[in-house]
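Coordinate inspection notes
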Amino acid sequence: GQQVMQIPQYQHVQEGEDFTTYCNSSTTLSNIQWYKQRPGGHPVFLIQLVKSGEVKKQKRLTFQFGEAKKNSSLHITATQTTDVGTYFCAGRAGAGNMLTFGGGTRLMVKP
Amino acid sequence: GAGVSQSPSNKVTEKGKDVELRCDPISGHTALYWYRQSLGQGLEFLIYFQGNSAPDKSGLPSDRFSAERTGGSVSTLTIQRTQQEDSAVYLCASSFAYSGANVLTFGAGSRLTVL
């Protein structure tokens, strides 16, 4: 079945440093979504990418979908303590198929 | 309601007892997922309902776990003869099913503690 892998599993950064998490799928995806889960909270939708090579930005967050639509990345510029949490990618392999989540990357930011 | 509602928010039970967890999805959402999340871990897929199709039960960890979705709306996850390793937060999420509108909205979760 479809597998979605994320690396790294954990990342500690100093406030102000950049952070990147990578997501790789075993199959071509029709779209990919990113979610953020704050400590003690539940996952909340951030963004969806649909097109090959698509790049979207949300303030300090940059999301990219690979040309082959099998990988994606989330890059945070100049991390802040409010960025702390676990970031999950989730991919859909085709119309009508369910979403498969990656294992998540837990980001910790030292003030 | 405006969001995904889960109950109970917290449940403490004794080993061997049965528990039922309820999820009330957003009205009109035909897709519903159950996940389990142990402390500090990722989302473990349990089961997926989509409209009137047969559910994808491939993530259920044992035959002690079952789920149903009545009338395409409310879902109940049942754990029979609970074990200590069942302790976790059980998250429900729902969405529309068609491409372009399949963003998941999660409930706040049901925290299960098995003593």
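Here, the structure is the one placed above.
Residues numbered from 1 in each chain as written. Chains lettered and ligands numbered in written order. Predicted model: local features only at pLDDT ≥ 70, side-chain atom pairs only at ≥ 80, totals over all residues. Heavy atoms only, no water.

Attention now goes to the overall build of chain B. If you tally the helices and strands in chain B, you get 0 helices and 10 strands. From first element to last, N terminus to C terminus, chain B shows the α and β order β-β-β-β-β-β-β-β-β-β. Its C-alpha atoms give chain B a radius of gyration of 14 Å, near enough to 13 Å, the size a compact globule of 115 residues would have. Oriented by its inertia axes, the alpha-carbon framework of chain B measures out at about 40 × 25 × 25 Å. A burial count over chain B gives 47% of its 115 residues as buried. Restricting to contacts in chain B with at least 6 residues of sequence separation, those with at least 24 account for 54%. Within chain B, the 10 negative side-chain charges are centred at a point lying 3 Å from the centre of the 10 positive side-chain charges. (Helix = DSSP H or I, 4+ residues; strand = E, 2+ residues; numbered from the N terminus. Rg over C-alpha atoms; globule rule 2.2 N^0.38 Å. Buried < 20%, exposed > 50% of the residue type's maximum accessible area, 1.4 Å probe, protein only. Contact = heavy atoms within 4.5 Å. Lys, Arg positive; Asp, Glu negative; His and termini not counted. Charge placed at Lys NZ, Arg CZ, Asp CG, Glu CD.)

Our focus in this paragraph is the pairing of strand 5 (residues 44–49) of chain A. Residue and element names in this part refer to chain A. For strand 4 (residues 31–37) and strand 5, the ladder comprises 5 bridges, and the chain directions are antiparallel. What sits directly across from Tyr35, in strand 5, is Phe45. In textbook terms, the turn of a hairpin is the stretch between consecutive antiparallel strands, and for strand 4 and strand 5 this stretch comprises 6 residues, one of which, Gly40, has a positive phi near 80°. (Pairing = 2+ DSSP bridges.)

Relative to the elements of secondary structure, B:Glu44 occurs in strand 5 (residues 44–50). Taking relative accessible area as the criterion, B:Glu44 reaches 32% and is therefore assigned partly exposed.

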